[in-house]
Amino acid sequence: MSSTPSVTAAVPTASRWQQFYQLTKPRVVQLIVFCAVIGMALAVPGMPSGAQWISIVAATVGIWLVAGAAAAFNCLIEQQIDAKMKRTAWRATAKGQLSRAQTLSFSALLCGIGSAILWVWVNPLTMWLTFATFVGYAVIYTVILKPMTPQNIVIGGASGAMPPVLGWAALRGEVGPEALILCLIIFLWTPPHFWALALYRVEDYRKSGLPMLPVTHGGEYTRLQIFLYTWILLAATLLPFLTGMSGWIYLASALALGLGFCGYAWKLWRGYSDELARATFRFSIWHLSLLFAALLLDHYLLPSGA
Ligand code: HEM
Ligand SMILES: CC(C)=CCC/C(C)=C/CC/C(C)=C/COP(=O)(O)OP(=O)(O)O
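Not measured: the values here are computed from a predicted model. (Residues numbered from 1 in each chain as written. Chains lettered and ligands numbered in written order. Predicted model: local features only at pLDDT ≥ 70, side-chain atom pairs only at ≥ 80, totals over all residues. Heavy atoms only, no water.)

Per the secondary structure count, the chain includes 16 helices and zero strands. For 306 residues, the compact-globule estimate of 2.2 N^0.38 gives 19 Å, and the chain sits close to it at 20 Å. Considering only C-alpha atoms, the chain reaches an extent of 70 × 55 × 30 Å along its principal axes. A buried classification covers 53% of the 306 residues belonging to the chain. (Helix = DSSP H or I, 4+ residues; strand = E, 2+ residues; numbered from the N terminus. Rg over C-alpha atoms; globule rule 2.2 N^0.38 Å. Buried < 20%, exposed > 50% of the residue type's maximum accessible area, 1.4 Å probe, protein only.)

The next point concerns the domain arrangement of the chain. Per the domain assignment, the segments of the chain are domain 1 (1-174) and domain 2 (176-306). On a C-alpha basis, the centres of domain 1 and domain 2 stand 22 Å from each other. Across the boundary between the two partners, domain 1 contributes 34 residues, which contact 35 residues of domain 2. Summing the contributions of domain 1 and of domain 2, the shared interface buries around 3000 Å²; its carbon and sulfur component is 76%. Applying the counting criterion to the domain 1 and domain 2 interface returns zero salt bridges. (Domains from an automatic or database assignment. Contact = heavy atoms within 4.5 Å. Buried area = accessible area lost by both parts, 1.4 Å probe. Salt bridge = Lys/Arg side-chain N within 4 Å of Asp/Glu carboxyl O.)

Along its 18 residues, helix α3 (residues 26-43) runs 26 Å from first to last C-alpha, staying within 8% of the 26 Å computed at 1.5 Å per residue. By the burial criterion, the buried members of α3 are Pro 26, Val 29, Leu 31, Val 33, Cys 35, Ala 36, Ile 38, Gly 39, Met 40, Ala 41, Leu 42 and Ala 43. (Expected span 1.5 Å × (residues − 1).)

The subject of this paragraph is the coordination of the iron atom of ligand 1. Under ideal tetrahedral coordination, the four donors around a metal are separated by 109.5 degrees; under ideal octahedral coordination, the six donors are separated by 90 or 180 degrees. There is one protein donor for the iron atom of ligand 1, namely His 193 (NE2), at 2.2 Å. Looking at where His 193 falls in the secondary structure, it is placed in helix α10 (residues 177-200). (Donors = N, O, S within 2.8 Å, 3.2 Å for Na, K, Ca; no water.)

Turning our attention to the site of ligand 2. Around ligand 2 lies a shell of 14 residues, among which Lys 25, Arg 87, Tyr 137, Tyr 141 and Lys 146 are the nearest. At a separation of 2.8 Å, an oxygen atom of ligand 2 approaches a polar side-chain atom of Arg 87. Lys 146 is positioned with one of its side-chain polar atoms (N or O) 2.5 Å from an oxygen atom of ligand 2. About the coverage of ligand 2: the protein hides 90% of its 620 Å² of free accessible area. (Near = heavy atom within 4 Å. Polar contact = N/O pair within 3.5 Å; in protein donor to acceptor, adjacent residues only side chain to side chain. Areas by Shrake-Rupley, 256 points an atom, 1.4 Å probe, with all protein chains shown as cover.)

To continue, consider the site of ligand 1. For ligand 1, the set of nearby residues contains 19 residues, the closest of which are Arg 27, Arg 87, Gly 160, Thr 190 and His 193. In this structure, Arg 27 approaches ligand 1 through a side-chain N or O atom, which is 2.9 Å from an oxygen atom. One of the side-chain N or O atoms of Arg 87 is found 3.0 Å from an oxygen atom in ligand 1. Elements with a minimum of two residues in the shell around ligand 1: α3, α8 (152-160), α10 and α16 (274-301). In terms of residue count, α10 provides more of the shell around ligand 1 than any other element does, six residues in total.

What follows covers the pattern of salt bridges. One pass over the full model with this rule turns up six salt bridges. A salt bridge links Arg 172 to Glu 174, with the shortest nitrogen-to-oxygen separation between them at 3.9 Å. Given the relative accessible area of 39%, Glu 174 is considered partly exposed. The partner of Arg 206 in a salt bridge is Glu 203, and the shortest N-O contact between them spans 3.3 Å. Here Arg 206 pairs with Glu 203, and both are found in helix α11 (residues 202-208), just three residues apart, close to one helical turn. Classification of Arg 206 as partly exposed rests on a relative accessible area of 43%.

Structural data, given as structure tokens:
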């Protein structure tokens, strides 16, 4: 029996997969997963054993899937908003290429499979913490805080900061103070990360109607906030060294990266340009990636945190 070709069938399979894949915000989620993996590595003294490798692989896949599900759910809720902003108008949800039902099913599927993997091959604590992170980002941040207050990303940043805690819980079955220190670092990193982008995307955010800080309080106030946060962040990044978690490789990296971030924030505060804001945003991503890489290096090269 032949059926009438639908619009969906006319789209080549690869590009349809690509559309779904893009909804998971792959590059953001890659760094999230990287931070979770560092949390796992730090939770084990020395090299992981065979059984621990199974937990590491399962937790990585599970957290990846649930984080991707949260990102896709965000695209579903923000379909109208994304359509108004240049940066996001290309998303398949914003263009109406993927229906609400398709996006919701995709998000539910990823969240379901990811949660099941965490439950069966990792532990229930990690599953519940990861699910709470999903709710924190997809519902509390996206649905409630984002349209409500310019502090949306400060409070909502708590869910983005959870990955090291998830990683630690996956290997230890508990939430340790070490993991909470790493969570605090990402939490304090999020405002300068996001507000640098919001500054050079301010017209997008004005059009969207979202109360982002540069729209509600202006550029100068936002730049001051970025500057202050980079210093508080620098202080927080010293905690792994001060508590004996990490040694001098980490300390030297944290100081160099932290002072670099403060330097960008200072220049941005003193003299604004879109180009500088863009460079500050890009540096924020290098800052977090290299900081967490330094934690890992230090863990394996100086095992006692000497
Ligand atoms: C509430 C918290 C956060 C907010 C509001 C936020 C916001 C954003 C936005 C709007 C972008 C722009 C993407 C684009 O160019 O279109 C972005 C990019 C990015 N964010 Fe965040 N972010 C948050 C937390 C995080 C966290 C926790 C991480 C990782 C641990 C992260 C990693 C990244 C990366 C790697 C990119 C670059 C993506 C690319 O190059 O395509 N973000 N973020
Ligand atoms: C389970 C787990 C680990 C979940 C992680 C949650 C998660 C995906 C956090 C990332 C934060 C993120 C993509 C912010 C983008 O901001 P936005 O949504 O305001 O950006 P947009 O304007 O690009 O949609």
